[in-house]
Amino acid sequence: MIAYPCFVDGRALPVDEVVDVVNPSTGELLAQVARGRAEHIDEAVAAARAAFPAWRATPVLERSHILRRIGAAIRREREELAHLESQDTGKPLSQARTDADVAARYFEFYANTVEAFYGQTLPQNGDYLAQTRHEPYGVTGHIIPWNYPMQIGCRTIAPSLAVGNCCVVKPAEEAPLTVTRIAELAHGAGLPAGVLNVVPGLGAEAGAALAGHPGIDHLSFTGSVLVGTAVAQAAAVNVIPVALELGGKSPNIVFPDANLDLAVPTIAKSLLQNAGQTCSAGSRLLVHESVHADVVDRLEKVLAGIRIGPGPSDPDLGPLISARQLARVQAMVAAQAEVRPPRIGGGDGASMPPGGFYFPPTVFDDLDPGALIAQEEVFGPVLAVSTFNNTDQAVEIANGTQYGLIAAIWTRDLDVALRVCDEVQAGQVYVNTYGAGGGVEFSFGGFKKSGYGREKGFQALEELCQTKTVVIKVGRDA
Ligand code: NAD
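The structure displayed is predicted, hence computed values, not measured ones.

Student: What should I look at first to understand the overall build of the protein in this one?
Tutor: On a plain count of helices and strands, the protein comes out with 15 helices and 20 strands. In terms of overall dimensions, the protein is globule-like: its C-alpha atoms have a radius of gyration of 23 Å, near the 23 Å expected for 478 residues. On the principal axes, the C-alpha backbone points of the protein span a range of 75 × 60 × 40 Å. Looking at the protein as a whole, 59% of its 478 residues are labelled buried. When contacts within the protein are restricted to residue pairs at least 6 apart in sequence, long-range pairs at least 24 apart make up 73% of them. Here the protein displays about 18300 Å² of accessible surface, and carbon together with sulfur accounts for 53% of that area. A distance of 5 Å separates the average location of the 37 positive side-chain charges in the protein from that of its 52 negative side-chain charges.

Student: Any chance you could explain the domain arrangement of the protein here in plain terms?
Tutor: Domain boundaries in the protein define domain 1 (2-246 + 450-469) and domain 2 (251-431). Averaged C-alpha coordinates put domain 1 and domain 2 at centres separated by 31 Å. For the domain 1 and domain 2 pair, buried surface summed over both sides reaches about 2100 Å², with 55% attributable to carbon and sulfur atoms. For the domain 1 face of the interface with domain 2, the top three residues by lost area are Ser-25, Trp-146 and Ser-450, together amounting to 26%. Inspection of the domain 1/domain 2 interface yields one salt bridge. Put simply, Glu-174 and Arg-324 hold a salt bridge, and the shortest N to O gap is 3.9 Å. Taken together, domain 1 and domain 2 are joined by 13 residue pairs in polar contact (both at pLDDT 80 or more). Sorting the residues of the side of domain 1 that touches domain 2 by element identifies strand 4 (18-23), helix 3 (78-89) and helix 4 (93-113) as the ones contributing at least two each. No other element matches helix 3, which puts four residues into the side of domain 1 that touches domain 2.

Student: For this particular structure, what's the right way to read unusual backbone geometry?
Tutor: Glycine aside, residues mostly have negative phi angles, and peptide bonds mostly take the trans form. Positive phi, normally seen in glycine, also occurs at Val-239, with a value near 50 degrees. Counting through the fold element by element, Val-239 comes out in the loop between helix 8 (225-237) and strand 12 (242-245). Look at Asn-274: it is not a glycine, yet its phi comes out positive at around 50 degrees. In this fold, Asn-274 is placed in the loop between helix 9 (260-272) and strand 14 (284-288). Note on Asn-274: relative accessible area 2%, which makes it buried.

Student: Hey, could you run me through the site of the ligand in this one?
Tutor: Looking at the ligand, there are 28 residues lining it, with Arg-155, Glu-173, Ser-224, Leu-246 and Glu-377 nearest. Within the side chain of Trp-146, one N or O atom sits 2.9 Å away from an oxygen atom of the ligand. Between Lys-170 and the ligand, the recorded distance is 2.7 Å, taken from a side-chain N or O atom to an oxygen atom. Look at the ligand: alone it shows 840 Å² of surface, and the protein chains cover 88% of it. Broken down by secondary-structure element, the contributors of at least two residues to the shell around the ligand are helix 5 (149-162), helix 7 (203-211), strand 11 (218-222) and helix 8. A total of three residues in the shell around the ligand trace back to one element, the largest contributor, which is helix 7. Looking at side-chain class alone, the shell around the ligand contains 16 nonpolar, seven polar and five charged residues.

Student: Honestly, the sheet that holds strand 18 (residues 428-431) in this entry has me stumped. Any pointers?
Tutor: Two pairing modes exist for strands in a sheet, parallel and antiparallel, and in both the strands are linked by backbone hydrogen bonds. One open sheet accounts for six strands, arranged 15-16-14-13-17-18; its pairing is parallel. Strands with a single pairing partner mark the edges of an open sheet, and in this sheet they are strand 15 (362-364) and strand 18. Shown here is a sheet whose adjacent strand axes are inclined to one another by a mean of 20 degrees, direction ignored.

Student: Just to check I follow, could you spell out the pairing of strand 9 (residues 166-170) for this structure?
Tutor: Residues in a regular strand project their side chains so that they alternate between the two faces of the sheet. By the criterion of burial, strand 9 is predominantly enclosed, with five of the five residues buried. Neither face of strand 9 is open: one carries Cys-166, Val-168 and Lys-170, the other Cys-167 and Val-169, and all of them are buried. With five bridges joining them, strand 8 (residues 139-143) and strand 9 adopt parallel strand pairing. Looking at the pairing, Thr-140 lines up with Cys-167 of strand 9. Of the pairings in the sheet, the one linking strand 9 to strand 10 (residues 196-198) comprises three bridges and is parallel in character. Along strand 10, the bridge assignment pairs Val-168 with Asn-197.

Student: What am I meant to see in the packing of aromatic side chains here?
Tutor: Each aromatic ring pair is characterised by the separation of its centres together with the angle its planes make. All chains considered together, the criterion is met by six aromatic pairs. Ring geometry for Phe-109 versus Tyr-110: centroids 5.0 Å apart, planes at 80 degrees, classification edge-to-face. Its relative accessible area of 10% is what places Phe-109 among the buried residues. Residue class for Tyr-110 comes out buried when judged on its relative accessible area of 0%. Members of the aromatic cluster, connected to one another through ring pairs, are Phe-117, Tyr-118 and Phe-458. Its end group placed over the ring of Tyr-148, Lys-91 keeps NZ or CZ at 3.7 Å from the ring centre. Note that Lys-456 overlies the ring of Phe-444, its terminal NZ or CZ placed 4.8 Å from the centroid.

Reading guide: rules and limits
- Residues numbered from 1 in each chain as written.
- Predicted model: local features only at pLDDT ≥ 70, side-chain atom pairs only at ≥ 80, totals over all residues.
- Heavy atoms only, no water.
- Helix = DSSP H or I, 4+ residues; strand = E, 2+ residues; numbered from the N terminus.
- Rg over C-alpha atoms; globule rule 2.2 N^0.38 Å.
- Buried < 20%, exposed > 50% of the residue type's maximum accessible area, 1.4 Å probe, protein only.
- Contact = heavy atoms within 4.5 Å.
- Areas by Shrake-Rupley, 256 points an atom, 1.4 Å probe, with all protein chains shown as cover.
- Lys, Arg positive; Asp, Glu negative; His and termini not counted.
- Charge placed at Lys NZ, Arg CZ, Asp CG, Glu CD.
- Domains from an automatic or database assignment.
- Buried area = accessible area lost by both parts, 1.4 Å probe.
- Salt bridge = Lys/Arg side-chain N within 4 Å of Asp/Glu carboxyl O.
- Polar contact = N/O pair within 3.5 Å; in protein donor to acceptor, adjacent residues only side chain to side chain.
- Near = heavy atom within 4 Å.
- Nonpolar A, V, L, I, M, F, W, Y, C, P; charged D, E, K, R; others polar.
- Pairing = 2+ DSSP bridges.
- Axes fitted to C-alpha atoms, helices over the stretch in contact; angles between N-to-C directions.
- Phe/Tyr/Trp six-rings, centres within 6.5 Å; stacked < 30°, edge-to-face > 60°.
- Lys NZ or Arg CZ within 6 Å of the ring centre and 35° of its normal.

Shown next, in the form of structure tokens:
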């Protein structure tokens, strides 16, 4: 068994206690990680603060070279990282390979874009020279969830490092392995000691200590609304900005003229990806009455053919992350089934592969859009289907939850597509496609309770910098 330490100041920090990490595909012990506590967060913050002046002063070109080398190291170790992520999270191996590629892309993308990010001189009347400068905050905290540890870790770490911040990262206790490994790879690629520190541990211990730490200058949090709210409150005491990436209940909206050959497999994929444990999962299907029967029939056929199994065997659907998550999904499905049984799937998962935390794809049809299962994030392969009979109603249902992360519109009518793009409340809107999370290049974040602040794209560089306006009077009388 491998024991994963805290990674602080470029080396393993001895920690006496450990947290067990379970392989969700088998239910067996996979690894043990350090149980970081407040004192380890203190050490990590101190190391990051000490490293900050030199890292900030490192020429942007050199930072960019180091980031590019980290991206190359991730690509070199792609298979190792993908297997580790698949074992740790239970996700299908090919999805874990994609995660490794995207993690590398974050370092490559910000290595490239950060060079073009600096330098804006504003025209002023008279003898004034005015600049808006982007300055790093100092030490940024990163609290990572278990569903996409590698991708979500790298999507805030890479831009933060690019603009000259130093990072303290707290991965999720359920799946902490790849983030720690990437920190080691980053140092092997030339990142100076103390610039990137990882302290695994429990949310209530290491996580809470990081969120409320006075030595942190900016916090990126990805996780649930409940914990995100607590983290934002803790950060408010220190008056620091927080970017919150929270949950979603994202709809696929299917109009009568949609190309169903394209729509239905994509809708199924948006549900099954990472066993539905994706913040941007397509967990609601809003379908026009006239095509409802056809769409659900086709969906049933697609779901009947999927392979379910351990993540490393690269099935279509792997297990849920933990026994706790499985129990949560089972309870939500059972509560809805009492009102009306699911059309597809359901049950207690007893017919699933043995050992791990498997749950079958489950579809509740003809739901009242106000039903709890159509309102709350399940974080499992559970789809809530409701019908509409006009565009107003489609938009009203789409906007009728507390979330606003993603929406997809399926129509060949450009007027309908543009109108819904305009009226739907979501941070990313897709037409005739579904990009869960989308590309590295697009900004990403939520409306409403899905959070605030933006990650990815150019906007992440702005998010992780503070601007300083400098006005200089020049000329003879200065
Ligand atoms: P979670 O909120 O329970 O945990 C997220 C992180 O917060 C973990 O690292 C955890 O250890 C830490 N944490 C827990 N309690 C804490 C505390 N009191 N103080 C500080 N940190 C604490 O969420 P989860 O179960 O890990 O992830 C699932 C949730 O994350 C879902 O709601 C999902 O939608 C959301 N999510 C959102 C995005 C996005 O980009 N919008 C991406 C992935 C996941």
